[in-house]
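Here is how the chains run, residue by residue.
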Amino acid sequence: MDEESAEVAKQTEPVDAQDASVDPVKVPEQIINDLKPPLDFVPPKLKRKRKIVKRKLGVSSKTEKTLVRTTRKIQMKRKPALGPVDQIRLDAKYPLIPDFDVGSPLSIDTPDSCAASLVSTDSDFPDSVIGLSDDDSSYDDAEQGNEDSQSSISGYTSMSSVSVTQSRDNLSSSLSEENGQIRQIKPGEEDTRPRRAVVRVSRFSNLPPFIYFPPAEERGADLPQDLAKNMKWKLSTITPLVVREALKSTGFRLIKSKSGTFQIGRKDRLWRNIRKLEVKFGVNEFGFLPQTYVLPYDLKSLRKAWKKTSSDVPWIIKPPASARGQGIKVIHRWDQLSSARPLVVQEYKNNPYLISGTKFDIRMYVLITSFDPLKIYLYEDGLVRFASMKYSSEMTSLGDNFIHLTNYSINKHCDQYIHNEDAGACKGSKWTLKSLWNYLRNEGADVDELLMRIRDLVIKTVVSGEGVVNRLCNENLKSTYQCYELLGFDILLDTELRPWLLEVNISPSLHSSSSLDVTVKGPLIREVFNLARFHFPSKFNEEKQKEMSKILGIEQEIGSFCMDGRLYSRVLSMGEKEKIEDILLSAESGLRQEWLGSILEDLKPCDIRQLVHYEDEQTQLVNFRKIFPTPESHRYLKYMEYPRYFNLLLDAWENKYSTNRRQGLKLLDSFCCKGIHLEVPQIMSNGATATLEPHSTTSLPIIVDNSC
Ligand code: ADP
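From a predicted model like this one, the values you see are computed outputs, not experimental measurements.

A separate point is the environment of Lys349. Residue position: Lys349 is located in the loop between strand 17 (343-347) and strand 18 (354-355). In this structure, the C-alpha to C-alpha distance between Lys349 and Asp494, residues 145 residues apart in sequence, is 7.6 Å. In contact with Lys349, other than residues within four places in its own chain, are Pro290, Tyr391, Leu492 and Trp500. Engagement of the side chain of Lys349 in a polar contact is seen with the side chain of Glu347, the distance being 2.7 Å.

Put into structure tokens, the structure is as follows:
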């Protein structure tokens, strides 16, 4: 554990600041003094001391809890400058799903039920054959400062019951980002950054506002105390500095997510899913993943392929769900293969593009804000990770990981590894992606063509898993609110500048060990949060909401102030269902013209909601670029398991309004003014239930609303 994690892990003393059921007792002054802020951190020494005092006073653990609670109240009264207190639970990892109680379709148990169903529904790849469970899914967020790092999910689960209370100002003023550096603001030191409202109103009428995550040079203005204390965010003990920094003005509670993206996040599943499409659509379309064999399942075919190649052809072997280069070897002899454990054996790309004679790979960040409709964004910056020794294709060099692997976790141990703090410089063992593009342009390479190929690779990879992910979402999610994923794509370029997909990290590390990391990841995470569009939790009555709107100066511009579950409802009226069925029927013909026009005639409330989300998201784009849907992206629809109605809707919308957005926005706002986007059928008490039609191409649960 590095310093960053150790520091956070120290903050894991559980406290229960919200339980008001215990009567306050008179607190001895000594304990008050002992429990000075920071409120969330009780050093081991102090814990011992507290125990001794407790024993001396003969207090029970219930009384002890009360003491802590009362003490905290006293401290808060004593320190008005600290502002309101957020409850921040240290509990989660990426991808983020907030679970604050919105009292609506999004319920706290959703992700767990989702997780439970993952194992049972995922039958297309026999785990029993390779001896793995879904718990072996790998994540990329465990090791600090390593964007190639991963850790197994169980590591997170073990920390999941811990909670701390932290003053919001403590959190916000403890860190500041300057020139790409995260700087500790010392206690008592003034945070002079300008303050910015943390509320953003939608571009449409009658939509609640969103929480805005300001850039590093600014900090969020205080929220009304009642509001601030209800915003909960679960963090993990390893939640990266840049993430905590982005949360400095607001707080949420997060929970661990298993949305099914391990279907592309595990090396074996990734191969299976892409291979299926390669068989169907050809190697020209889907041949961007090096040929892979999953042992012991594919042992026979590997032996066959091996026999065909000469003995000086290298292969790379990887554990199916590991990370950070662990267990990875480049081999060229059959006896180097171990049949004792599940293994991914992959064609080794022996012709990497070299810079100064050294191999590198690139990390690109991909944000998926929704799987149905599919919306994919690609971040313009990223990281370039170099091996620390010059490349050699000699068989005798294969055992040297400093030559053949580009993981930071491996190369940092080499004395030839050169740290690079300068985000704009083409030097050292780590560059920003923007520097690489500049370098390649100077070399005369066609970077635009390369980027086009990368976009194609990313879309196809996500599409290869969208069927399973959507199935799981349909089975487990009642609302579409906050179903998003940030993925890390690792790509190798060959001498022809052809991109090869190495792997997809479903929880890319956002830790930052250098200012170069901060430069890339700091703005990234803010944009992710802004694109994800968090509302304020729906904890308040109408009057209170009005009061808060007034304080924040947005009274006139919105309908409700807090999260409105209707905006993310998946329930369909009969009228909507009929339209969807008609459109899907015409889509079966395969002729785009058949539905392109008709789908935008007579827009239904569910259509308007999707379009409003889609357009509102676009207002938040800074460094992310939308790669799906676009006016040209309809060619990817054929790779999907089914034509999904909302994909067709966005395709038609792009087709009609991409060159005339203003007109589209005006149309949507005219619906929102009348509140049509909030029309959601009621769930009938007389037996009508949400049912998921197993093979329904609408992929949406249908509620039969007899009143419509
Ligand atoms: P991990 O998840 O452990 O990082 P990767 O699949 O990303 O595993 O592989 C680790 C490193 O090995 C990559 O960063 C890359 O340098 C190298 N590598 C992986 N697969 C190949 C391949 N097929 N051909 C060439 N190099 C590869």
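What follows concerns the site of the ligand. In the vicinity of the ligand lie 22 residues, with Lys318, Gly325, Thr406, Asn407 and Glu503 positioned nearest. A distance of 2.9 Å separates a nitrogen atom of the ligand from a polar backbone atom of Lys349. Lys359 is positioned such that a nitrogen or oxygen atom in its side chain is 2.8 Å from a nitrogen atom of the ligand. In isolation the ligand exposes 540 Å². Once the protein is present, 99% of that is buried. Looking at the shell around the ligand, the elements with two or more residues in it are strand 15 (315-318), strand 17, strand 19 (358-371) and strand 23 (499-505).

Our next topic: the side chain of Arg266. Structurally, the position occupied by Arg266 is in the loop between helix 11 (262-265) and helix 12 (267-281). Within the structure, Arg266 has its side chain in polar contact with the side chain of Asp268 (distance 2.6 Å).

With that settled, consider the packing of aromatic side chains. Under the definition given, this model contains 23 aromatic pairs. Ring centres 4.7 Å apart and planes at 40° place the aromatic pair Phe213 and Phe529 in the tilted group. On the criterion of sequence distance, the pair formed by Phe213 in the loop between strand 10 (210-211) and strand 11 (219-220) and Phe529 in helix 19 (residues 515-532) is long-range, its members being 316 residues apart. The exposure classification of Phe213 matches that of Phe529, with both residues buried. Relative to Tyr636, the ring of Phe628 has its centre 6.5 Å away and its plane inclined at 70°; by these criteria the two rings are edge-to-face.

Once that is clear, we can look at the nonpolar core. Residues Ile362, Leu436, Trp437, Val458, Phe489 and Leu501 are the most contacted members of the largest nonpolar core, which totals 124 residues. Per-element tally for this core: the top contributor is helix 18 (residues 447-476), with eleven residues. With eleven residues, the next largest nonpolar core counts Trp315, Ile317, Leu337 and Leu343 among its residues.

Okay, the pattern of salt bridges next. Pairing is possible between side chains that carry opposite charge, provided their charged atoms lie close to one another. Under the definition given, this model contains 29 salt bridges. Arg533 is paired through a salt bridge with Asp616; the nearest N and O atoms lie 3.2 Å apart. Of this pair, Arg533 sits in the loop between helix 19 and helix 20 (542-551) while Asp616 sits in helix 23 (residues 605-618), and the two are 83 residues apart along the sequence. The pair Arg533 / Asp616 is uniform in exposure class, with both members buried. Salt-bridge contacts for Glu654 lead to Lys626; the nearest nitrogen and oxygen are separated by 3.3 Å.

Next up on the list: the sheet that holds strand 14 (residues 292-295). Pairing within the open sheet is antiparallel, and its four strands lie in the order 14-17-15-16. Of all strands in the sheet, those bounded by a partner on one side alone are strand 14 and strand 16 (329-331). When strand polarity is set aside, the average angle formed by the axes of neighbouring strands in this sheet is 25°. Direction of pairing for strand 14 relative to strand 17: antiparallel, over a ladder of four bridges. Bridge assignment links Leu295 to a residue of strand 17, and that residue is Leu343. Where helix 12 meets the sheet, it contacts strand 14, strand 15 and strand 17, and its direction lies at approximately 125° from that of strand 14. Where helix 14 (residues 299-308) meets the sheet, it contacts strand 14, strand 15, strand 16 and strand 17, and its direction lies at approximately 135° from that of strand 14.

So, about the confidence of the model for the chain. When pLDDT is averaged along the chain, the result is 72; 64% of the residues meet or exceed 70. Segment residues 249-258 is flagged for pLDDT under 50; beyond a separation of four residues in sequence, or across chains, it makes 66 contacts in the model.

It is worth spelling out the pairing of strand 17 at this point. Among the five residues of strand 17, four are classified as buried, and the element is accordingly described as predominantly covered. Relative to strand 17, strand 15 is paired through four bridges, and the arrangement is antiparallel. Following the sheet pairing, Ile317 is matched in strand 17 by Val345.

What follows concerns unusual backbone geometry. In the segment running from Leu295 into Pro296, the intervening peptide bond is cis, with an omega of 5°. Turning to its location among the elements, Pro296 is positioned in the loop between strand 14 and helix 14. The omega angle of the peptide bond from Asp372 to Pro373 is 5°, so this bond is cis rather than trans. Look at Leu497: it is not a glycine, yet its phi comes out positive at around 60°. Within the element layout of this structure, Leu497 appears in the loop between strand 22 (485-493) and strand 23. On the basis of relative accessible area, Leu497 is assigned to the buried category, the value being 13%. Despite not being glycine, Arg533 has its phi angle at roughly 60°, a positive value. Overall, the relative accessible area of 4% leaves Arg533 in the buried class.

As a volume, the second largest pocket reaches approximately 480 Å³. What lines the second largest pocket is a set of 21 residues, and nearest its centre among them are Met452, Arg455, Asp456, Arg635 and Tyr636. When contributions to the lining of the second largest pocket are tallied by element, the ones reaching two or more residues are helix 13 (283-286), helix 18 and strand 24 (624-628). Per element, the largest residue contribution to the lining of the second largest pocket is seven residues, and it comes from helix 18. Looking at the lining of the second largest pocket, its residues break down into seven nonpolar, four polar and ten charged.

The rules we used
- Residues numbered from 1 in each chain as written.
- Predicted model: local features only at pLDDT ≥ 70, side-chain atom pairs only at ≥ 80, totals over all residues.
- Heavy atoms only, no water.
- Helix = DSSP H or I, 4+ residues; strand = E, 2+ residues; numbered from the N terminus.
- Contact = heavy atoms within 4.5 Å.
- Polar contact = N/O pair within 3.5 Å; in protein donor to acceptor, adjacent residues only side chain to side chain.
- Near = heavy atom within 4 Å.
- Areas by Shrake-Rupley, 256 points an atom, 1.4 Å probe, with all protein chains shown as cover.
- Phe/Tyr/Trp six-rings, centres within 6.5 Å; stacked < 30°, edge-to-face > 60°.
- Buried < 20%, exposed > 50% of the residue type's maximum accessible area, 1.4 Å probe, protein only.
- Core = buried A, V, L, I, M, F, W, Y, C linked by side-chain atoms within 4.5 Å.
- Salt bridge = Lys/Arg side-chain N within 4 Å of Asp/Glu carboxyl O.
- Pairing = 2+ DSSP bridges.
- Axes fitted to C-alpha atoms, helices over the stretch in contact; angles between N-to-C directions.
- pLDDT = per-residue confidence, 0-100.
- 1 Å grid on protein atoms, 1.4 Å probe; cavity = no way out; pocket = protein on both sides within 12 Å on 5 of 7 lines; lining within 4 Å.
- Points joined across faces, edges and corners; volume = space filled by probe spheres on them.
- Nonpolar A, V, L, I, M, F, W, Y, C, P; charged D, E, K, R; others polar.

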